[in-house]
Amino acid sequence: AARLSGGENRLVSLPLSRIRVIMKSSPEVSSINQDALFLTAKATELFVQYLATYSYKHGRGKEKNALTYSDLSHTAEECETFQFLADILPKKILASKYLKMLEKEKRDGEVGEGDEDEEEDEAVED
Amino acid sequence: MAERPEDLNLPNAVITRIIKEALPDGVNISKEARSAISRAASVFVLYATSCANNFAMKGKRKTLNAGDVLSAMEEMEFQRFIAPLKESLEVYRREQKGKKEARKDKDKKADSEEQDKSREEENDDDDERMEEEEQNDEEEVDN
């Protein structure tokens, strides 16, 4: 059964005008008929629901009753349907791990003493 | 924050509500996650539009129509959306038709009052409206 989105029983919650702005930002699009605009808005709502529920279901955030960024980027990487999002939802690594990676590359390149790494808790985007 | 002339973002409040209603009660959504989903939604619109436009071009049309969007969903592997989208579209079309009729009735009423007559030829008017509805697919949206 079709699920009406929006807590207020409206057929679609996302504003058609804004959806239209995004659609028209594509240079090759000339015009959009009203039905197509409505369907795109509605499809976007279904997409948001699907992305959220899929990520929650398959992610680790639910161990703490949460939906996290990591759940989403995991979905983009693992699930083929959502792979088009991989570039905008990159995985994050801890700064400490990144530094270790750099150190290792350096060590592989030349002979030298390995340094002790300091633990940092900041996340860094790839 | 500077505002760009064309905002390609979707309203945060609406996105948040859609997410909350989809997830079980009480689940926390980090601001980062919410923001990421919003961006993903914008990308989805762009991707769907591009895909739908390809179908329109294949059909040698310059106007994206409902069929193009549905074909795009299939192409993008969101077949699960197609049935609910078709149902919603029917409701939407009925709503739009209802609004149109309401406007016409209003105009008609104004005319009648001017001419000081009451009209009862509603059947003829229904036929007129049906014909105009079929032309809807070619109408362009201009905001």
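Residues numbered from 1 in each chain as written. Chains lettered and ligands numbered in written order. Predicted model: local features only at pLDDT ≥ 70, side-chain atom pairs only at ≥ 80, totals over all residues. Heavy atoms only, no water.

Quick word on a nonpolar patch on the surface
Residues and elements named next belong to chain A.
Line of reasoning, step 1. A cluster of nonpolar side chains, namely Tyr98, Leu99, Met101 and Leu102, defines an oily patch on the protein surface of about 350 Å² accessible area.
Line of reasoning, step 2. One can find leucine 102 in helix α4 (residues 95-109).
Line of reasoning, step 3. For leucine 102, a relative accessible area of 38% corresponds to the partly exposed category. (Patch = residues over 30% accessible without salt bridge, like charges linked within 9 Å, V, L, I, M, F, W, Y side chains within 5 Å. Areas by Shrake-Rupley, 256 points an atom, 1.4 Å probe, with all protein chains shown as cover. Salt bridge = Lys/Arg side-chain N within 4 Å of Asp/Glu carboxyl O. Helix = DSSP H or I, 4+ residues; strand = E, 2+ residues; numbered from the N terminus. Buried < 20%, exposed > 50% of the residue type's maximum accessible area, 1.4 Å probe, protein only.)

Things to note about a negative patch on the surface
Line of reasoning, step 1. Taken together, the side chains of Glu80 of chain A together with Glu74, Glu75 and Glu77 of chain B define an acidic patch exposed on the protein surface.
Line of reasoning, step 2. Along the chain, the position of glutamate 80 of chain A falls in the loop between α3 (69-78) and β3 (92-94).
Line of reasoning, step 3. Accessibility expressed as a relative area gives 59% for glutamate 80 of chain A, which makes it exposed. (Lys, Arg positive; Asp, Glu negative; His and termini not counted. Charge placed at Lys NZ, Arg CZ, Asp CG, Glu CD.)

Quick notes on the pattern of salt bridges
Side chains that differ in sign of charge can pair as their charged atoms come close.
Residues and elements named next belong to chain A.
Line of reasoning, step 1. Evaluated as defined, the whole model comprises seven salt bridges over all chains.
Line of reasoning, step 2. A salt bridge links glutamate 77 to lysine 91; the nearest nitrogen and oxygen atoms lie 3.9 Å apart. Taken together, the residues span a long stretch of sequence, with glutamate 77 in helix α3 and lysine 91 in the loop between α3 and β3 at a distance of 14 residues.
Line of reasoning, step 3. Judged by its relative accessible area of 43%, glutamate 77 is partly exposed.

Quick notes on the UniProt feature "domain: Transcription factor CBF/NF-Y/archaeal histone" (unreviewed entry) in chain B
Line of reasoning, step 1. Mapped onto this numbering, the UniProt entry gives "domain: Transcription factor CBF/NF-Y/archaeal histone" (unreviewed entry) at residues 9-73 of chain B.
Line of reasoning, step 2. Secondary structure across residues 9-73 of chain B divides into 72% helix and 6% strand, with the first and last C-alpha atoms of the span separated by 21 Å. (UniProt positions renumbered as here; feature names shortened; annotations may be inferred.)

Topic: the packing of helix α1 (residues 16-24) of chain A against helix α2 (residues 31-58) of chain B
Line of reasoning, step 1. At a closest axis distance of 9 Å, the pairing of α1 of chain A and α2 of chain B adopts a crossing angle of 60 degrees. The orientation of α1 of chain A relative to α2 of chain B falls into the category oblique. Both α1 of chain A and α2 of chain B take part in a crossing whose hand is right-handed. Every residue of α2 of chain B that contacts α1 of chain A at Ile19, Ile22 and Met23 of chain A is listed here: Ser42, Val45, Leu46 and Thr49 of chain B.
Line of reasoning, step 2. Among the residues forming the contact of α1 of chain A with α2 of chain B, the class breakdown is five nonpolar, two polar and no charged. (Axes fitted to C-alpha atoms, helices over the stretch in contact; angles between N-to-C directions. Parallel < 35°, antiparallel > 145°, perpendicular 65-115°, else oblique. Left-handed = near helix turned anticlockwise from the far one by under 90°. Contact = heavy atoms within 4.5 Å. Nonpolar A, V, L, I, M, F, W, Y, C, P; charged D, E, K, R; others polar.)

Looking at the confidence of the model for chain B
All names here are of chain B.
Line of reasoning, step 1. Scored by pLDDT, chain B has a mean of 84; 76% of the residues are at 70 or more.
Line of reasoning, step 2. The element-level mean pLDDT for chain B is lowest in helix α5 (residues 122-134), coming to 47, with helix α3 (residues 66-75) highest at 98.
Line of reasoning, step 3. Segment residues 125-143 is flagged for pLDDT under 50; beyond a separation of four residues in sequence, or across chains, it makes 28 contacts in the model.
Line of reasoning, step 4. Per the prediction output, this complex has pTM 0.74; the corresponding ipTM is 0.74. (pLDDT = per-residue confidence, 0-100.)

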